[in-house]
Each structure stands twice: as structure tokens, then as C-alpha cells.
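# Structural characterization, general
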There are 6 protein chains.
Amino acid sequence: MLLHLSTWSEVEGFLTRSKTVVVPIGSNEQHGPTGLLGTDWLCPEIIAHEAQKSGDILVAPTFNIGMAQHHLGFPGTISLRPSTFIAAIGDWCRSLSTHGFEKIYFLNGHGGNVASIEAAFSELYAEASFAGRPRGFACKLKNWWELKGVTALANSQFPVGHGSHATPSEIAVTQWAYPDAIKTADYAPKIAPTGPIREAADFRARYPDGRMGSDPAQATPEKGGDLVRAAAAGLLEDVAAFAAEVSPG
Amino acid sequence: MLLHLSTWSEVEGFLTRSKTVVVPIGSNEQHGPTGLLGTDWLCPEIIAHEAQKSGDILVAPTFNIGMAQHHLGFPGTISLRPSTFIAAIGDWCRSLSTHGFEKIYFLNGHGGNVASIEAAFSELYAEASFAGRPRGFACKLKNWWELKGVTALANSQFPVGHGSHATPSEIAVTQWAYPDAIKTADYAPKIAPTGPIREAADFRARYPDGRMGSDPAQATPEKGGDLVRAAAAGLLEDVAAFAAEVSPG
Amino acid sequence: MLLHLSTWSEVEGFLTRSKTVVVPIGSNEQHGPTGLLGTDWLCPEIIAHEAQKSGDILVAPTFNIGMAQHHLGFPGTISLRPSTFIAAIGDWCRSLSTHGFEKIYFLNGHGGNVASIEAAFSELYAEASFAGRPRGFACKLKNWWELKGVTALANSQFPVGHGSHATPSEIAVTQWAYPDAIKTADYAPKIAPTGPIREAADFRARYPDGRMGSDPAQATPEKGGDLVRAAAAGLLEDVAAFAAEVSPG
Amino acid sequence: MLLHLSTWSEVEGFLTRSKTVVVPIGSNEQHGPTGLLGTDWLCPEIIAHEAQKSGDILVAPTFNIGMAQHHLGFPGTISLRPSTFIAAIGDWCRSLSTHGFEKIYFLNGHGGNVASIEAAFSELYAEASFAGRPRGFACKLKNWWELKGVTALANSQFPVGHGSHATPSEIAVTQWAYPDAIKTADYAPKIAPTGPIREAADFRARYPDGRMGSDPAQATPEKGGDLVRAAAAGLLEDVAAFAAEVSPG
Amino acid sequence: MLLHLSTWSEVEGFLTRSKTVVVPIGSNEQHGPTGLLGTDWLCPEIIAHEAQKSGDILVAPTFNIGMAQHHLGFPGTISLRPSTFIAAIGDWCRSLSTHGFEKIYFLNGHGGNVASIEAAFSELYAEASFAGRPRGFACKLKNWWELKGVTALANSQFPVGHGSHATPSEIAVTQWAYPDAIKTADYAPKIAPTGPIREAADFRARYPDGRMGSDPAQATPEKGGDLVRAAAAGLLEDVAAFAAEVSPG
Amino acid sequence: MLLHLSTWSEVEGFLTRSKTVVVPIGSNEQHGPTGLLGTDWLCPEIIAHEAQKSGDILVAPTFNIGMAQHHLGFPGTISLRPSTFIAAIGDWCRSLSTHGFEKIYFLNGHGGNVASIEAAFSELYAEASFAGRPRGFACKLKNWWELKGVTALANSQFPVGHGSHATPSEIAVTQWAYPDAIKTADYAPKIAPTGPIREAADFRARYPDGRMGSDPAQATPEKGGDLVRAAAAGLLEDVAAFAAEVSPG
């Protein structure tokens, strides 16, 4: 069930059978010569939308701009500062909590978001901790590539040159979902370099075409479809486990 | 051209022929018994995506959560505080500006966003004004229903009961784009009450089913299609005028 | 009754007969070759002080610095950033609310303040909306030129060249109240240009002497007096209506 | 010269002969059974306005709401939080600096403001210090009762029962300026208690009628006039010394 | 009792006999040619640790970075902005309050901290004042040199050239505690100049070797020991008085 | 070399041979029945201070309060909110950068700090990325238990019951450094439970004595000494590698 295509009374109905909501979250940032700028928010959106076709989960609108300051040297990247990102995640969760959601599950598509999202959870929990009261809801972050079975599949598909940015697995997922938007390029070098991540100017100097450690030429829509199906199944299982968790005390 | 389905080098190419970007912006909030929660961000997204099919404009990802604090009494509403919203709009604009965009055009779908978006523009301009330097980019806000021809068309379609929230025109637009998500209900009263907007508890007491002044039963997908075509044409014209504006001095 | 010339026990007494307070709010910013820098806060102060002579309203101190970033290219302008302005309006309202005021009425003298003031109201309401509780007070913004009868009078006084900044009507109001501070100048052109409002450098380039669309030479103290009397009467009526409003539910 | 009754070009002219501006700053807060709520911003305003009649100084609008959280238990008090106050002082100074003011002199009327004002100065200086550059302007805080000759005069006028809040000296100053707003009351005890300052509830419990250590019954308009004349002379001298200061290096 | 060398249950035990905690607070900043960068946080730490050997007080970890923006022109200085400092002090106090501490005593070692610390207290109190409720804890700031007997002793030890920064008394205290870290230098001039404090560039130009008004050559470990013993005794007495204070009402 | 026991000119001298500074960073929080509240800031401090005895590194004062909101249910815990923590880390780094430090190395002692510290780095980098300029310095975070050889040693010392909070390895380190502060207790159960981390009330309900997955009874000062020596050696090697890194482009 897609929240944005539902009415408020449909969501009210959903809350009578579940207190859990899934938020796809990602980033809009350069993904090398052929990766779509939307890759990191499209992947969790594609997976969550696929999963809700076969499972009774509620999927919120996609949080499509994340923490991508290091990619700002490449046109089309849009980033929040961590402080803004933390404030916005907080308002999303506070909003959902007012309706009675007790489990807020973020399906993430961007490694660079992880620290800020976890800091945002702590910021929300701290409000309750300083006040000496229960928070009333729990948050969970899961990267889509860490869903059950996904990493193993990606490793078998791309044993060499998977890398960490503009990876063939994420590009394959978007190829499957947006076949009209498949791009090609000659990659030089075939496998991109690796190294640390700092400010945008440093990033562009280290990684001239935007890739980190990856060879995206290996992506195909078929591999993407396999990844989406594995991830969607893993998501339903992981959300069910989170929803079933009981608070202590 | 959709930014999120493009690569960074395609955006780099676009920048050689235009310095203008269009950002659909809205809100995810209750829209009465039959309106989709996504209505206010779907409408500008639908219109902007339609427009870019026939005009060479660049459409950014949709800014889908806005200032909807007054709707938080209804499940599914997600809102930013104005301060968070202002910070986030600022980071979007600062990001786009680093790439050389000089005109940032927000196509808005939610009246409740207007004050915060304009305050965000002033916050951005103030950084330059306090520093005594040019800002380097200009921002513009346009509500989709104020695009040329749209209000006249909506008035002719819905001479009575248009109202100001969960209007038949916005619901018609989403019906045209998402025909599988059309909902029906008996409205009582036929035309909803009107009044002031304050905090969520006050709002729900005044407007029990969420509508303000509207009779959404008049919406049809056909009327929606007419509105989208009018708005898309109006958008291309308005964006062209904004892009053509020359800075003084 | 002027709050700043009262004691706390006099205000305590006022609260037994009314829960409404009027806050004149404006800006301190250039007003062209002859307009006083204080024009935008003096006008609502003059009107509110006049009104309280004949009606039992409580007038708070004047909030004299607003959002005027675009005027910072002209000496004497003092501006808050929107974020600071929003925080300050919040603290004023929170303060007044602790005393039991339930209706806080802002009589505004500066168009550039509107977005930030409305965003400030939403920020205040959002605190309650996120907490799922009533706010306890309502805010209202009214521009003095929108009080009953004022625009019609100004249109009849200044059918041509009223403009939108450094207008003959606002200058007339200050001339009536501060006859010793009337200034004269040769205006070239007679009617100033119009256009968009952006950062200070852009503003000064577009509007070299600070006026927008106006011909202030038409102002006279007599016209100002007529405007003040009309506005004061309109204010008493509008405040009474706001005070009489009953909360739903 | 009063900035708010001047035009921007008159301020431009003033800047050719001086880079110094005086800002009266105070608080709007309870002042015991007979003190005006505006006392703490009226006093510096009265003194500065008196001083500019005989000296060529530029007086900005009065910053009339300060840090008075401890007085919020008494109706009519309006307070900023220190964080808001610091942000607002910062924006005032940044605004004035854009025009070329190099010395910003705050004439203060409220002891409770001192810490926040000094913290605000440090916040402004820190921007430059972190950037390793000169700030371009200097700030100075002076309490009006510390101007040359004033404390000695007040001690001679009120050798007993001067106290620290709702003092006879500040009340005398407002009596001189606003003789129509003189209030009387029976004070019990004659001299109010003293002690620490904490949150509003604690304050009201300690100081039931709002006074701290004072016997305001001693105030007279005549004593107030003497204080104003002494303070105005002291202000001109102190501002001149500040204006004459030369930066090192 | 040192909090950081205790377990949580030992602190729980302490709370059954006292609700007071002592926080040494200072700054890490240049202290002239021979003063340690840590001087201003080491002094209150040394004194508080000494005091807890003979009195049953609980000493929290040292808050070692304060407001030292003006010293940033000298290597090794680390400063918080006032706004950051205020936020951090707030979180410390909120944390301690959750455990039941009702009296939070800051023993300060840096004059430049005073305004920000007092503003932080007001910020904390204001939360309660705006909410119309008791705060639940009281804060106190004491500079170590103002403890009973300390100033008199320092005056007798250093009748000339004590000054206000890199003073012989503070340097003596660190010499007593860290005899292996005693440094020497030729001071020119013998007694440093005095003047105002502004941004870092201005400070370094005025005070080339970092001292203000002082002749640190007079410091000896023996004098430092005498100061520490006097201050430790004064601290125990002052903390006891604060702990014994009863709230009104 | 310990920064706080050095003078500014000694730091100036250090900067001629290295641009790298090491900041021990941790948290002050409950560590189960026997662990010291200071454990998480003492461990990196102990290791860094040990390392500087044999290597020419500069060690800054210890950042002793971190993100420990989940431990606030246990007396003695002091926590910053993530937003405060991020602001404070930012000011530390900006301060150190003004002196010419180009590599800022944080040796961390608390897993709960990681997200906020990394978010703080991104916040700092983002300032430069939004401005399109190099940052001028690089930050690195290393948990002390991830230094070369340390995890292997801890695994061999504590093959069972190491756990993740109040671990025998961290307690052993503090036992070695503070033998007078060794505490004992009967642990029930011997090995503490594991699970998720949320707000403080939830944490205390899940982990009644504060431990997570650990059996601290295995700690000895001797094992602690071995860990410190391994970590100190690993630190020198890791800092040298970071210092030797060359920026691209």
C-alpha cells in the first residue's frame, strides 16, 4: 500500500492492523558516467514499491534528498547538510508518530546517509531520554543491499568491480525499472579507484568520473530484476520481524 | 528532461544551453475523504513531467514534504516545521547553485507552503545582502493553479464548490494521472465549511473530514487532463520568461 | 491602553476583561529619498496608539525590526534574517501566552514581513500539532492598509503612483504624526520603476533611489490624518471580531 | 539625530562624519507595583534621545525586548530566550556594519541583558576569529546607570532602598519622561527582599510584588530629570571616547 | 568523590545524601609565553579535585573547552562559539537533572566564559519559565579566584602585575600541580598592556605575546599551593552553602 | 606532546614539523556495576597519552562528553544531543584549522559517538562543498579497539563474553591506569543480554545493570596494560599514515 496514493481514512484503517511504516530514503547525486542521478533514491523506492505488491506493508513517500555533500562537484547533485537532514528526518518521524505509528523503518539507498540517519534517530530518542519518558516509537535503518540474500546475489553477479559508488548492482536495479533511461559509456579505467571521502573538491580530484571502485558496465536489467525480487522478499521479512518486536518493561 | 533519470554529464550538457531548473514542490497531507495524501506534490510533478515532454526544461526531483502542520490531525500527513523547511529549501538551492544554475523555479502545489518558501528565498538572499555581494541566482515561486489559463479553466469547470483544500481541480489532476487510485465517498455536507487555519487539533474540529470549502465529487479524469495540459503549457511559457530575465546593473 | 506604560497589575486587570493583545510590527528600512527609515514600524504604531484612545484594546510595544534584507543596500536599514525573525516572534507569543492571552493580533506595516510572520505562526502552531494538543492561543496578521476602508481611501487619494514601496499613503501617515520630520526631494523619475525583489545588490541596481512604483510627492499630513482615522476605526472593528471568535470543539 | 526619523541619504551623510551608532536596548518586563512595564527600554531611549539634542550622535531605534525570562510570572513581561536575543543582536550589528558603521554602542537599561549581549558580541567576533580576519566593527555595552556621574547621583538621591529591580532611579527617569503615567501603591514591605534570580516561578515566589531590594516610593520626576541630564552628558562623553578609539595593527 | 572514577551505583548512592554536583569549567587557550594552554581548565580541576579529598562533594568531569574566540590568533587555542557553548552547557545540566541533581555548581577558570555560562543558565530557566513550571534545579557560577580568601591571598602575593590574563596566580596553580611543565621566558615588557577584548586579529595586535596586564614571572609552585589550599577550602564552604539553600514557595 | 601542558609557542614550533593533531574523544556514561563512568573517555586518553611518550605526536585535551542519550537512565551519565555534539566538534576543528592543522585525528572510545562524529565531519566538509572550495583540512575517526592488533589481542584475552558495552577490555584499560579505582561486583547474569539501542527508558528496561553482552569480571590490570601498549603502538602507526597522506589534485 502506497501512502501517497491512499486517503487519510485508508491509512487510519491500516493502523488498525499495523503500526509500522516503511520510508524509502536515498540521495540524488552523480553516479558516474552512466548512473542516473536518482539512483540512490530510486533503488529503495523500486524495491519497496515492488514489495508492497505482495505484502501488506505501508510505504511512505520517498525521502529523495540526503547527505551527498561530497558529490557536489558534479552537476545535478542535490544535498542536505547533516544538520538539515537530521532536522527533516526528525519532523518526518514526529509526524508519523502523531498518527500512532510505533515502528518507522527506513530503507536506505545511500551509504553516505547512514551516519546522519543514525544521528537523527539519537536526536529523536534524546528528546525522550532527557525528559525521562518513553519515546513511543522505534526507528530502524536498513540499507537495501544488506537485506537477506542481496549481498550474496550481488557478489555472485559481480565478483569483481562491484565497488562502493556507482556500483553495477544499483545501476542494474534502475535499468530494470527504467529501461528507457539506460546509458552507456566507455569507462577508463575499467575499475575506478578507491580512497577516502572528504569535501567535494577533493572527491572530484580523486574520482574524476564519479565512480568509486566500480565497473558499472556489468549491469543489466535482468540482473537488476533479480536483485529487486530478492530485496523485496528480504524487505517483507525484515519489516515483519521489526513489526513483531515487543518493547521491554 | 528529468534530472533524476539523467547522468551528471547530461546535466552538464543542459547547463550549456540553460541555467534554469524547475523544482516541483508540494506536501503530503490529507485531502478529504477521497483525495490522495500525495495530491499536493503529485500535481506539480504531473504538470512538470508533462511539460518537459514538449519543452526543453530540466525538472528536478520532487520536493514532496512541505509545511502541513495543520493537517497532522489526520493519519498519513507528514509535515516539516517551517524552520526545517526553510533550511532544506536553502540546501537544495545552494546545491543547484554550485552547478551554475542561476534561476531556480519552484512549481508549488500547496498553499500552506507559500509563506515558508518565500521566507526561504529571503533567507538565501539575506546571506548575500549581509555580505554586500550578489547572490548569483534568483528564485521564483509559482503555484500551479496560477499558471496562465488554469484558474479560468478551473472556474469554468467548477463554478461552485471549488473551495481551497481538497479541491475538485487538484483531485481531477491526480485522477487523470493515477486512474487506478480514484476513490469515492458520500460527502456530507456537499460543500465543506471554510474558516481560519491554525494548529492541527483546531483544524480537525473545524473541518471534520478534512475538506475546506470544496465539493470534490465534481472531479473527473477528463477535467484533470484538461487542467494538466493547460498548466503544462503555462509552465513552459512562465519558465521561459523567467529564464530570459536579465539581471540589472 | 499601552502595555509599556502600564504596570503588571494593570495588565492583570485587563486580562479579566479581554484575552486579546495588539502588537504593532514593522521594519526599519529605507523609504526612498523622503520617507523616514522608521516608516514601516511607525505607521502601525501610530494607528494602534490612535485606536487605543477610543477603544479598550491593549497595545504591546512595537516590534520595530523585521525582514528587510533587500533594503540593506541603503544606509540605515536594519534587518533580521527570516529565521531570526521567526524565533523572535515565537518568543513574543510564548511570553504573551504565559499570561493568558489567547488572541495575538499583529498589525503589520511592511509587506516584506508577511511571509516570515505567517511562517512564525505555523512554527508556533506546529509545536502543538506535533504534540497532538491545542495551542492555547491564536495569531492573526493584518496589514494596516488592508483594514476596512483604508485601501479605498488611499486609492481615492492617490489614484496614480501609489506603488508598493515608499508609497504616498505610508509617508502621509508619518507626516501627520511627525510633522517636524517631513522631508522633500525632486523625484526622478516621478513614478519609480517596478519589478521583482531579490538580494540587496540587485534591489539597489533596480531601484536606485529606493522607491518601487511610487510617487511620494503626493503625500500630505492631512491625507495622513484621514488614513490614520480610517485605519484606527478599522482596527478596533477587526480586533473586536478576532476577540469574539470562539474556538471549535 | 534619530535614525528612524531620518532618510537613508541623511544617514549616508552622517556616515561621512562618524562611523558610530548608538542603540538603546532594554527589556519589557514587570517593574513592581508602580513601575512601567517598559521601564528598562524607556530609560535608555529617554537618555539617548535627550543626548542627541545637544550632541551629534546617531540613535538607532530602541531594541525593546530583551532577556527577561525570570519576570514571565508577571503579566505583560515579554522575553526573548538568550539564543534568540543573541541571534537578533547579531542581525542588527551585521545590518549596521553593511552600511559602514565601525562602532556599535549599546546603551542598556536591563541588568538581565548583560550576559546575552556580551555573548552576542563574542558570537559576532567569533565569526571573524574562526575565519582569521578582522571583524570590521567593534561593539560596546554600557548600562546607563554606569555612565559618568550617574551612580553617584543615584546614591545621593536614594542612599537607602535603591535595590536592583524596580529601583527608584529608573522609575524616576520614566516619571520625568511620562508624567501622565505615574502610578502609586502602598509597598509592603517598604524595601523589597533580595536574593538569587532563577526561573519565573521561583522569582515570583521570592519577590511577590516583583521588586528586588528597592523602595520605589522615593522616585520623583525631578530626580528623574536630574538623572537624565547627568546620563545624557555622560553618554555623549562615552560615545565620543569610543568613536575616537583607533584599532591596533 | 570524582564522578568519572565512580560507577553509576556509587553516584546513585551519593544522591541519597546530596543533590549537588560540582563541574569544573574552563577554557583551553594561550596563556602567554610561559602559561600552559590548559591553564583555565586545569585550575578549577586542580582545586575541585583537591577539595574532594577532604569534603564529601561530587566532582564531574571537567568542561575543558569554553569561549575563547579572542585567543584564536595563538596556536593551540580551542574555542566554542557562545551558541555552541550554551547548547552544550544545557545538555550537561539536562543530563545531570535527569538523575535528580538539584544544584549544579560550575567552578569556572576563565573570565571569558562568564557571559556565555550565565546566558546558558537563563536559556535553561527560560524553558521552564515559558512553560510556567518550576525548573527543578538551580545553577550557580563561581570563578575560583572569587572563592573566599583567594583574591586577598593573590593580592598579597602579587601586589603589582597580577593583570587579567596569564596572571601569576593561575600560572602558580598549574606550577604547583604540574611541576614538570614549568616554563620560563624573558617577558618584554615586564608587565603586559591592557585594553579591550574583541576578535582574535585585534587581540593579537594589541597583546603580541598573549598576556594582558600581567607579570607571570612572579609565579612559584609554593604560591600556587597556597592558592589551591585556600580555594579548596573556600569551595567546600561555598558548595555547602549552595547545597543548603531552600527553594521558596 | 600534550597540548594542554604546552605553551602556544611550543605548539607553533610543533606545527613546523607536523600539521597533525590527535584528539581523544569519548563519553561519560554508565559502564555497568563495576565500570567507571569515565571509561569511554579515559581509554582513548590513556592510550594517546601513552603513545606520545614514545612518538612525536601532539595530543589535544580530551573531548570527554559525547552522545550517550541511551545511558541517561543511569546516574552519572552526561550526554550531548547529536546536534550539540556536531556543533561542538565543528568548533574544535575550526579552531584547530585556524592554527594550520591540516589533519585532525579523533581517537574514539565510544561506539555511540560514531554516527555523530562522522556527521560532524560531513557538516564541516559541506561548508566547503557548498562554497565550491577546498576545506583545508581532513578529519579521521578511529575507534581505539580498531587500531592494529587490538581486536585480535582482545579476542584472545576474552574469547567469550566480550560484548559491546562495559566490555572487559575497556574496563581492563582503566584498571591498568587507575588501579585505585578498581571495583568488584557479582554479575547476574554472568554475561549480559544483547539487543537494540533506543531511548534511555527502553535501554534500562532491556539492560538492568547497564552491561550489554559483556562479562567484565574477566578484566585485569595486566590485560589492560597489554591492550594499552598494543593500542599506543597502533596509534602511532595510524597517525603517521594519516599525516603522510597527500591531497589529490
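See the structure shown above.
Residues numbered from 1 in each chain as written. Chains lettered and ligands numbered in written order. Predicted model: local features only at pLDDT ≥ 70, side-chain atom pairs only at ≥ 80, totals over all residues. Heavy atoms only, no water.

### With respect to the pattern of salt bridges
This model, assessed by the stated rule, comprises 90 salt bridges over all chains. Notably, a salt bridge pairs arginine 17 of chain A with aspartate 56 of chain A, separated by 2.7 Å at the nearest N-O pair. Note that arginine 17 of chain A is positioned in the loop between helix 1 (8-15) and strand 1 (20-25) and aspartate 56 of chain A in the loop between helix 2 (39-54) and helix 3 (82-98), a separation of 39 residues in sequence. By relative accessible area, aspartate 56 of chain A is classed as partly exposed at 47%. The shortest N-O distance in the salt bridge between arginine 135 of chain D and glutamate 127 of chain D comes to 2.9 Å. The class of arginine 135 of chain D is buried, set by a relative accessible area of 12%. Linked by salt bridges that have partners in common, Arg81 of chain A together with Asp91, Arg94, Glu127 and Arg135 of chain B make up one network. (Salt bridge = Lys/Arg side-chain N within 4 Å of Asp/Glu carboxyl O. Helix = DSSP H or I, 4+ residues; strand = E, 2+ residues; numbered from the N terminus. Buried < 20%, exposed > 50% of the residue type's maximum accessible area, 1.4 Å probe, protein only.)

### Some thoughts on the packing of aromatic side chains
Per the stated rule, a full pass over the model turns up 48 aromatic pairs over all chains. Ring geometry for phenylalanine 74 of chain B against phenylalanine 203 of chain B: centres 6.4 Å apart, planes inclined by 90°, an arrangement best described as edge-to-face. Taken together, the positions of phenylalanine 74 of chain B in the loop between helix 2 (39-54) and helix 3 (82-98) and phenylalanine 203 of chain B in helix 7 (residues 200-206) put the pair 129 residues apart, joining distant regions of the chain. Judged on exposure class, the residue phenylalanine 74 of chain B and its partner phenylalanine 203 of chain B are both buried. Considering the side-chain rings of tyrosine 105 of chain E and phenylalanine 242 of chain E, the 6.1 Å spacing of their centres and the 55° angle between planes classify their relative orientation as tilted. Residue tyrosine 105 of chain E is located in strand 2 (residues 103-108), and its partner phenylalanine 242 of chain E is located in helix 8 (residues 221-244); the two are separated by 137 residues in the primary sequence. No difference in accessibility class separates tyrosine 105 of chain E from phenylalanine 242 of chain E, as the two residues are buried. An aromatic cluster is present here, built from Trp8 of chain A together with Phe74, Phe203 and Tyr207 of chain B joined pairwise through their rings. Positioned above the aromatic ring of phenylalanine 242 of chain C is the side chain of lysine 103 of chain C, whose terminal nitrogen or guanidinium carbon lies 5.5 Å from the ring centre. (Phe/Tyr/Trp six-rings, centres within 6.5 Å; stacked < 30°, edge-to-face > 60°. Lys NZ or Arg CZ within 6 Å of the ring centre and 35° of its normal.)

### Describing the sheet that holds strand 3 (residues 138-143) of chain A
Residue and element names in this part refer to chain A. With respect to topology, three strands assemble into an open sheet ordered 1-2-3, the strand pairing being parallel. The open sheet is flanked by strand 1 and strand 3, the only strands paired with a single partner. Strand-to-strand, the axes of this sheet are offset by a mean angle of 20°, without reference to chain direction. By the bridge criterion, six bridges tie strand 2 (residues 103-108) to strand 3 in an arrangement that is parallel. Note that in strand 3 the partner of lysine 103 across the bridge is alanine 138. Strands strand 1 and strand 2 of the sheet are contacted by helix 2, whose axis makes an angle of about 145° with strand 1. Lying over the sheet, helix 8 (residues 221-244) contacts strand 1, strand 2 and strand 3, oriented at roughly 155° with respect to strand 2. (Pairing = 2+ DSSP bridges. Axes fitted to C-alpha atoms, helices over the stretch in contact; angles between N-to-C directions. Contact = heavy atoms within 4.5 Å.)

### Notes on the relation of the copies chain A and chain B
Note on the chain copies: they are related by a rotation about an axis and a translation along it. Screw-axis analysis of chain A against chain B gives a translation of 0.0 Å along the axis, an RMSD of 0.0 Å, and a rotation angle of 180°. What the rotation and shift describe, once combined, is the action of a two-fold rotation axis. Within chain A, the C-alpha atom positioned nearest to the axis of rotation is that of threonine 84 of chain A, 3.4 Å from it. (Least-squares fit on C-alpha atoms with pLDDT ≥ 70 in both.)

### A few points about the pairing of strand 1 (residues 20-25) of chain C
All names here are of chain C. In terms of burial, strand 1 is a largely internal element, six of the six residues being buried. The alternating pattern of strand 1 places Thr20, Val22 and Pro24 and Val21, Val23 and Ile25 on opposite faces, both of which are buried. The pairing of strand 1 with strand 2 (residues 103-108) spans six bridges and is parallel. Counterpart to valine 21 in the pairing with strand 2 is isoleucine 104.

### Regarding the relation of the copies chain C and chain B
By a simple turn and slide, chain C fits onto chain B: the slide is 0.0 Å along the axis, the RMSD is 0.0 Å, and the turn is 180°. Taken together, the interface assignments show that 100% of the residues at the interface of chain C recur at the interface of chain B, consistent with an identical surface on both copies.

### Regarding unusual backbone geometry
Residue proline 189 of chain B follows alanine 188 of chain B across a cis peptide bond; omega there is 0°. Positive phi is not limited to glycine here, since alanine 166 of chain C has a value of about 60°. Tracing the chain through its elements places alanine 166 of chain C in the loop between helix 5 (150-157) and helix 6 (168-177). Its relative accessible area of 0% is what places alanine 166 of chain C among the buried residues.

### A word on the interface of chain C and chain B
On the chain B side, the residues contacting the 40 residues of chain C number 40 residues. Summing both sides of the interface, chain C and chain B together bury roughly 2,800 Å²; the carbon and sulfur share of this comes to 63%. The tally of links from chain C across to chain B stands at two salt bridges. Of the charged contacts, one joins glutamate 245 of chain C and arginine 198 of chain B as a salt bridge, the two residues approaching to 2.7 Å between their closest N and O atoms. (Buried area = accessible area lost by both parts, 1.4 Å probe.)

### Some details on helix 8 of chain A
All names here are of chain A. Between its first and last C-alpha, helix 8 extends 34 Å over 24 residues, near the 34 Å set by a 1.5 Å rise per residue. For helix 8, the complete set of buried residues consists of Gly224, Gly225, Leu227, Val228, Ala231, Ala232, Gly234, Leu235, Asp238, Val239 and Phe242. Where helix 8 is buried, its residues touch strand 1, helix 2, strand 2, strand 3, helix 5 (150-157) and helix 6 (168-177). (Expected span 1.5 Å × (residues − 1).)

### Remarks on the sheet that holds strand 1 (residues 20-25) of chain F
All names here are of chain F. If you trace the three strands from one edge of the open sheet to the other, you get 1-2-3, paired in parallel fashion. Two strands lie at the open edges of the sheet, namely strand 1 and strand 3 (138-143), each paired on one side alone. Taken pair by pair, the neighbouring strands of this sheet meet at an average axis angle of 20°, ignoring direction. Against the sheet, helix 2 (residues 39-54) makes contact with strand 1 and strand 2 (103-108), and its axis sits at roughly 145° relative to strand 1, the strand it touches most.

### Digging into the environment of leucine 37 of chain A
By the secondary structure assignment, leucine 37 of chain A is in the loop between strand 1 and helix 2. A sequence separation of 37 residues divides leucine 37 of chain A from phenylalanine 74 of chain A, and the C-alpha atoms of the two residues are 10.0 Å apart.

### Here's the deal with the nonpolar core
Leu235 of chain A, Leu235 of chain B, Leu235 of chain C, Leu235 of chain D, Leu235 of chain E together with Leu235 of chain F are the most contacted members of the largest nonpolar core, which has 444 residues in total. Sequence-distant contacts of leucine 235 of chain C, that is, excluding residues within four places in its chain, are made with Ile47, Ala48, Ala51, Ile57, Tyr105, Leu107 and Leu147 of chain C. (Core = buried A, V, L, I, M, F, W, Y, C linked by side-chain atoms within 4.5 Å.)

### Looking at the arrangement of the chains
What separates chain A from chain D at the closest point of their C-alpha atoms is a distance of 18 Å, and the two make no contact. One finds no contact linking chain C with chain F; the least C-alpha distance across the pair is 18 Å.

### Points about the interface of chain A and chain B
Facing 51 residues of chain A, the contacting portion of chain B comprises 51 residues. Overall, the association of chain A and chain B removes approximately 4,000 Å² of surface from exposure, summing both partners, and the carbon and sulfur fraction of that is 63%. When the buried surface of chain A facing chain B is broken down by residue, Leu5, Trp8 and Pro75 of chain A rank first, second and third, together holding 19% of it. One can count 22 residue pairs in polar contact (both at pLDDT 80 or more) joining chain A with chain B. (Polar contact = N/O pair within 3.5 Å; in protein donor to acceptor, adjacent residues only side chain to side chain.)

Everything listed here is a matter of geometry and, on its own, says nothing about what the molecule does.
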